[in-house]
Amino acid sequence: MSPIVQRTVRTTCPYCGVGCGVLATVTDAGVAIQGDPDHPANFGRLCSKGSALGETLSLDSRLLHPEIGGIRASWDEALDTVAGRFRETIERHGPDSVAFYVSGQLLTEDYYVANKLMKGFIGSANIDTNSRLCMSSTVAGHKRAFGEDLVPGCYEDLERADLVVLVGSNTAWCHPVLFQRLLAARRADPKRRIVCIDPRRTATAESADLHLAIRPGSDVLLFNGLLHYLRHNDRLDFDFIERHTEGYAAALGTARETAPTLPAVAAGCGLAESDVAQFYRLFAATERTVTLWSQGVNQSTSGTDKVNAILNAHLATGRIGKPGAGPFSLTGQPNAMGGREVGGLANQLAAHLDLDDPRHRRQVQAFWRSPRIADRPGHLAVDLFRAIGEGKIRAVWIMATNPAVSLPDANAVRSALSACPFVVVSDCERDTDLARFAHVQLPALAWGEKDGTVTNSERRISRQRAFLGAPGEARPDWWIIAEVARRMGFGAAFGYRSPAEIFAEHVALSGIAGAEKRRFDLSGLQTAYDDLTPTQWPVNAGHPQGTPRLAFDGGSGKLKFVAVRPRLPVNAPDADYPLILNTGRIRDQWHTMTRTGKTPRLTAHIPEPFAEIHPADGERLALADGALARLDSRYGSALARVRFSAGQRPGTVFVPMHWSEGNSRQGLANALVNPAVDPVSGEPEFKHTPVRVAPYRPTWYGFAIARRRLAFPDAAYRVLVPGGGCWRYELAGESPREDWRQWARQKAGLDGDSLDGWLEFADPRAGRYRCAWIAGERIEFALFVSPSHELPPRDWLAGLFAQDALSDAARASLLAGRPLSAEDDQGRIVCACFAVGEKTLRRAIDAEGMTTAEQVGTRLKAGTNCGSCVPEIRTLLAETRR
Ligand SMILES: Nc1nc2c(c(=O)[nH]1)N[C@H]1C(S)=C(S)[C@@H](COP(=O)(O)OP(=O)(O)OC[C@H]3O[C@@H](n4cnc5c(=O)[nH]c(N)nc54)[C@H](O)[C@@H]3O)O[C@H]1N2
Ligand SMILES: Nc1nc2c(c(=O)[nH]1)N[C@H]1C(S)=C(S)[C@@H](COP(=O)(O)OP(=O)(O)OC[C@H]3O[C@@H](n4cnc5c(=O)[nH]c(N)nc54)[C@H](O)[C@@H]3O)O[C@H]1N2
Ligand code: SF4
Ligand SMILES: [Mo]
């Protein structure tokens, strides 16, 4: 790490779409990270992931040089190879035989250049993005209702609303700082209400005033029922409907027909009538209502219809674009919104202009001075990889996303990639699951090294600024793309020298969009790029300071109701696959874990892939809490640690999306997920796959902890968990083993016969084995094996690796796996910021009779920094009370 500055740099968090401002200070001891008190998204707060950013900057696993066929190459060789192969493929098979697959984790400038090269110069629209997996149902729903992809509201609306309805959003874990703002607003005015609609009782649901554990996929029915209820109870804003909307009668007709009565809705949604009635009454009575949604809505085969069902309720009540009232789609990735602005999806053009509008195409082509312009949509993500598998696409360039892990039916994606004649991967990391398929790997700059802009969920553009120098030969993505463009013969249009020049071009193009009556318009932006302060678009002559809220006061065409019919997910559970697999996120991991998975502080909360299931289902299936289960779908299989949870809806099982083959063996959720997509948006149904769950019965369970990374080709299940100064492996194996000592000593790297410092307990008849190796005063290695999953907790043992000298007491209890004194046993980490464990919390709550999270905070500091663990502390308090 070579510090280029010794001052504090104002930048933006690279994780979620909240888009928090970050102050990064490079010191000799590393990079200190703080929330930016002046940033309007977070006012100084950061969540557990944001505050651990300084711990994710190591270069250990980075890709630092271009590689061709896994061998280091020069930039010239690599770029010429990419340009040459793309040109050749296009000459032989036409522009639609190549594709880019990009990401909402690119900066706007990178994204802009990629889109320009593909749509304007290659002349195909085969550029799609991981936002297809994320926001595309919302984009499609917005376009149907507003004619443009617009988020009308802003974060402040959440604080001014009297009712916030969270649909399919685990905000507490996935947009934690925004959730903290929401909870603070409710504390300030306890009349405010939060309703959470989610099949699972999530941390978000725990904090809500009302939780509707909806039947998966039935949201359209619930919101059609709401529209019908609002009409029936005369709560509609007919003035607004008349003046600003069209299509009301048809939408209401369909709502009446499909959601005729409250009992019918409650039955269809699997909810208690009284709960549905309470939600409807609250919504009807509360003028200042914000409905906020994310992936429980989008990632569905009726995702676009779910979005429009929600929008219909807001249009019918005129609650849109007003302080404290409006529909609000949360974006996931740091620059999901920026990608939408540059037209990064295969069915968009650029700057909110339309691919299917010949005038728009002519304007963009003239602006780009490009030889051609794509005139029909390209392949959408899932379909794109199918086209690769079918040989229709023969060269693909993947940037800042890992489709081998994050696309549904991952096994099919992997076979498509291995059949593809030419795969280019731009990434910061060297050894991802995707890298194995790459013919050329291009090293990209990472967060902290690159410069550009991102746009958050409330349309706010912020700068990401570099505070570290470029490591190795890594380069910014925009530079890599522009160099390939130049080598393909398009140099004149790609001669950028800085992200500022690209941004200026993007701003100029947005002016054309503004003139075409698009709300997306940055033409009024006056500030110099380097000084850009967080600004909400549109920024134009009418709104030189930006626009917090988009008013719908006529002028830009009528808003449209869309008549939507409830549909069941396309793949229904059956006798062979009777449970519904739901997938999503956990609090402290980000996607495929390339950054968050490196930090012990963030892996401590939930270290392993798990399958959360209702205890009644679990017992019926002979599963045991803490043991392993095998999950099978029509597409593939996976292993996961069983977690019984009464908050899981019976008939469903939840598995996190994060684990890859690289950090687990058989922990990949998307090996199971069906590739069904929404017919309008093409977004995959990640939340609903029929599966079968059964006990997995290995011959042995175990874990190993070592100071260096180890390989376990002989374990059928393996999960890597980084610790402070050690690596831990959760293991299970199918082949019986007699020679545990030999195996352990080989893993520990010991070849002599000396048993100096070797502690061991073996009970071969029972299949139990435990050993530890102490060199001098320090523990170097430990292995625990048992025929059952019941092994000692790992946190205490792993903690010993952080010590330079073991105490006598620690030595004495090493093989017990437990400290002699219970006080030394923290248990699983709950508060990642201050490393406070579950057992410590329970003991303190119990001993001191604590009843509130505030008391816990005062006593143990837990929950007082980012607050992400407060919902969990509340659960512990409630359990202890019981
Ligand atoms: N910690 C963390 N935060 C993140 C990310 C991360 O990886 N880790 N990723 C970011 C990204 S890219 C995104 S897109 C967002 C996603 O943020 P969220 O959408 O909040 O996260 P998910 O866990 O994918 O899914 C949300 C919820 O949808 C529920 N759900 C499933 N089926 C249905 C249904 O039929 N109806 C309803 N109403 N709900 C349903 C699930 O049970 C789940 O709790 O998070 C962002 N923030
Ligand atoms: N089962 C299931 N699957 C899902 C989801 C789900 O809910 N369930 N959610 C979906 C959603 S919403 C999303 S957004 C996707 C996310 O899935 P992915 O986009 O595949 O996940 P990431 O781990 O964020 O991948 C980012 C990659 O880009 C690299 N990278 C980071 N920064 C840069 C950069 O600046 N330049 C370059 N070139 N590379 C960079 C990282 O090292 C990493 O390898 O997953 C989707 N998949
Ligand atoms: S909420 Fe957390 S992950 Fe999201 S932007 Fe803020 S600090 Fe980053
Ligand atoms: Mo996402």
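Since the structure is predicted, the reported quantities are computational estimates derived from the model, not experimental observations.

Novice: Looking at this model, I keep getting lost on the overall build of the protein. Mind explaining?
Specialist: The secondary structure content of the protein amounts to 30 helices and 35 strands. Compactness check: the protein gives a C-alpha radius of gyration of 27 Å against a globular reference of 29 Å for 882 residues, within 12% of the reference. Along the first, second and third principal axes, the C-alpha set of the protein runs to 80 × 65 × 55 Å. The buried share of the protein, reckoned over its 882 residues, is 63%. Long-range contacts, defined as pairs at least 24 residues apart, comprise 71% of the intrachain contacts of the protein with a sequence gap of at least 6.

Novice: Please explain the site of ligand 1 as it appears in this structure.
Specialist: As a matter of local geometry, ligand 1 sits amid 35 residues, with Asp198, Gly217, Asp219, Arg585 and Gln589 nearest to it. In this structure, an oxygen atom belonging to ligand 1 sits 2.7 Å away from a side-chain N or O atom of Asp198. A distance of 2.7 Å separates an oxygen atom of ligand 1 from a polar side-chain atom of Arg585. Within the residue set of the shell around ligand 1, elements represented by two or more residues are helix H6 (171-174), helix H14 (295-298) and strand S21 (579-584). Looking at the shell around ligand 1, its residues break down into eleven nonpolar, 16 polar and eight charged.

Novice: Sorry if this is basic, but what is going on with the sheet that holds strand S31 (residues 758-763) here?
Specialist: Strand pairing in a sheet relies on backbone hydrogen bonds. The paired strands run either parallel or antiparallel. The strand order across the open sheet formed by seven strands is S26-S29-S30-S28-S33-S32-S31, and the pairing between neighbours is antiparallel. Edge positions in the sheet fall to strand S26 (664-665) and S31, since each of these pairs with one other strand and no more. As judged from the six bridges shared by S31 and strand S32 (residues 768-775), these two strands associate in the antiparallel manner. In the strand pairing of S32, Asp763 is matched with Arg768. Running at roughly 145 degrees to strand S33 (residues 778-786), helix H25 (residues 740-747) makes contact with strand S28 (700-706), strand S30 (726-733), S31, S32 and S33 of the sheet.

Novice: Explain the UniProt feature "domain: 4Fe-4S Mo/W bis-MGD-type" (unreviewed entry) in the protein to me, please; I cannot follow it from the model alone.
Specialist: In this structure's numbering, the residues bearing the UniProt feature "domain: 4Fe-4S Mo/W bis-MGD-type" (unreviewed entry) are residues 6-61. Counting secondary structure, residues 6-61 comes out at 7% helix and 32% strand; the distance between its end C-alpha atoms is 25 Å.

Novice: Looking at this structure, I do not really get the state of the cysteines. What am I missing?
Specialist: A disulfide bridge is the covalent bond that connects two cysteines by way of their sulfur atoms. Tallying each qualifying case throughout the model produces zero disulfides. In this structure Cys269 is a free cysteine whose sulfur lies 14 Å from that of Cys196, the closest cysteine sulfur available. Using a relative accessible area of 0% as the deciding quantity, one classes Cys269 as buried. Not engaged in a disulfide, the cysteine Cys771 finds its nearest cysteine sulfur in Cys726; these two sulfurs lie 15 Å apart.

Novice: It is not clear to me how the pattern of salt bridges should be interpreted in this structure. Could you clarify?
Specialist: In total, this model carries 66 salt bridges according to the counting rule given. We note a salt bridge from Glu730 to Arg641, for which the minimum N-O separation is 3.4 Å. Here Glu730, found in strand S30, pairs with Arg641, found in strand S24 (residues 637-644); they are 89 residues apart in sequence, far enough to count as distant. Taken individually, Glu730 and Arg641 each receive the classification buried, so the pair is uniform in this respect. For Glu760, the salt bridge identified is with Arg741, shortest N-O distance 2.8 Å. Taken together, the residues Glu760 in strand S31 and Arg741 in helix H25 connect sequence positions 19 residues apart. Given a relative accessible area of 38%, Arg741 falls into the partly exposed group. Taken together, the salt bridges that share partners define one network made up of Arg587, Asp588, Arg828, Glu838, Arg842, Glu872 and Glu879.

Novice: Please clarify how the domain arrangement of the protein should be interpreted in this entry.
Specialist: It is common to give the size of an interface as the accessible area lost on bringing the parts into contact. According to the domain assignment, the protein consists of domain 1 (67-134 + 338-348 + 369-505 + 516-536), domain 2 (579-695), domain 3 (700-819) and domain 4 (829-881). Between domain 2 and domain 4, the C-alpha centre-to-centre distance is 27 Å. Listed per partner, the contact involves five residues of domain 2 and seven residues of domain 4. Here domain 2 meets domain 4 over a buried area of about 520 Å², counting both sides, of which 48% is carbon and sulfur. Broken down residue by residue, the surface that domain 2 buries against domain 4 is led by Arg587, Arg601 and His605, which jointly contribute 81%. A salt bridge links Glu872 to Arg587; the shortest N-O distance between them is 3.8 Å. Our count for the contact surface shared by domain 2 and domain 4 stands at two residue pairs in polar contact (both at pLDDT 80 or more).

Novice: Any chance you could explain the environment of Met399 here in plain terms?
Specialist: By the secondary structure assignment, Met399 is in strand S14 (residues 395-399). Exposure remark for Met399: the relative accessible area of 0% places this residue in the buried category. Ignoring sequence-local partners within four residues, the contact set of Met399 consists of Phe100, Tyr101, Val102, Ser103, Leu106, Ala114, Ser426 and Ile481.

Novice: Just to check I follow, could you spell out the site of ligand 3 for this structure?
Specialist: Lining the immediate environment of ligand 3, one finds Cys13, Tyr15, Cys16, Gly19, Cys20, Leu46, Cys47, Lys49, Gly50, Pro176 and Val177. Mapped onto the shell around ligand 3, the elements with two or more residues apiece are helix H1 (48-51) and helix H7 (176-188).

Novice: Quick question: what am I supposed to make of the packing of helix H12 (residues 262-269) against helix H13 (residues 273-285) here?
Specialist: For any two helices packed against each other, the geometry is given by the interaxial angle and the distance between the axes. Across the interface, H12 lies against H13 with an axial gap of 9 Å and an inter-helix angle of 110 degrees. When the interaxial angle is binned, H12 and H13 end up roughly perpendicular. Remark: the crossing between H12 and H13 carries right-handed chirality. Taken together, the residues of H13 that come into contact with H12 (itself represented by Leu262, Pro263, Val265 and Ala266) are Glu273, Val276, Ala277 and Tyr280. The class makeup of the residues in the contact of H12 with H13 is seven nonpolar, no polar and one charged.

Novice: Explanation requested: the sheet that holds strand S2 (residues 21-27) in the structure shown.
Specialist: Pairing in this open sheet of three strands is antiparallel, and the strands run S1-S2-S3 from one edge to the other. Every other strand in the sheet has two partners, leaving strand S1 (8-12) and strand S3 (30-35) as the edge strands with one partner each. Each strand axis lies, on average, 30 degrees off the axis of its neighbour in the sheet, ignoring direction. Note that S1 and S2 share five bridges and pair antiparallel.

Novice: Would you mind going over the environment of Arg707 with me for this structure?
Specialist: In this fold, Arg707 is placed in the loop between S28 and strand S29 (717-723). For the pair Arg707 and Phe781, spaced 74 residues apart in the sequence, the C-alpha separation amounts to 6.9 Å. Setting aside chain neighbours within four positions, we find Arg707 in contact with Gly725, Cys726, Trp727, Arg778, Ile779, Glu780, Phe801 and Gln803. A distance of 2.9 Å separates a polar side-chain atom of Arg707 from the backbone oxygen of Ile779.

Novice: Would you explain the nonpolar core in this entry?
Specialist: The tendency in soluble globular proteins is for nonpolar side chains to be buried side by side. Phe86, Phe100, Ile197, Leu222, Phe279, Trp397 and Phe494 are the most contacted members of the largest nonpolar core, which has 114 residues in total. Residue contacts for Leu222: discarding those within four places in its chain leaves Ile197, Leu212, Ile214, Val265, Cys269, Leu271, Val276, Phe279 and Tyr280. In terms of nonpolar packing, the next biggest core, distinct from the first, is built from 78 residues, Ile33, Ala208, Leu468 and Phe610 among them.

Conventions and cut-offs
Residues numbered from 1 in each chain as written. Chains lettered and ligands numbered in written order. Predicted model: local features only at pLDDT ≥ 70, side-chain atom pairs only at ≥ 80, totals over all residues. Heavy atoms only, no water. Helix = DSSP H or I, 4+ residues; strand = E, 2+ residues; numbered from the N terminus. Rg over C-alpha atoms; globule rule 2.2 N^0.38 Å. Buried < 20%, exposed > 50% of the residue type's maximum accessible area, 1.4 Å probe, protein only. Contact = heavy atoms within 4.5 Å. Near = heavy atom within 4 Å. Polar contact = N/O pair within 3.5 Å; in protein donor to acceptor, adjacent residues only side chain to side chain. Nonpolar A, V, L, I, M, F, W, Y, C, P; charged D, E, K, R; others polar. Pairing = 2+ DSSP bridges. Axes fitted to C-alpha atoms, helices over the stretch in contact; angles between N-to-C directions. UniProt positions renumbered as here; feature names shortened; annotations may be inferred. Disulfide = S-S within 2.5 Å. Salt bridge = Lys/Arg side-chain N within 4 Å of Asp/Glu carboxyl O. Domains from an automatic or database assignment. Buried area = accessible area lost by both parts, 1.4 Å probe. Parallel < 35°, antiparallel > 145°, perpendicular 65-115°, else oblique. Left-handed = near helix turned anticlockwise from the far one by under 90°. Core = buried A, V, L, I, M, F, W, Y, C linked by side-chain atoms within 4.5 Å.

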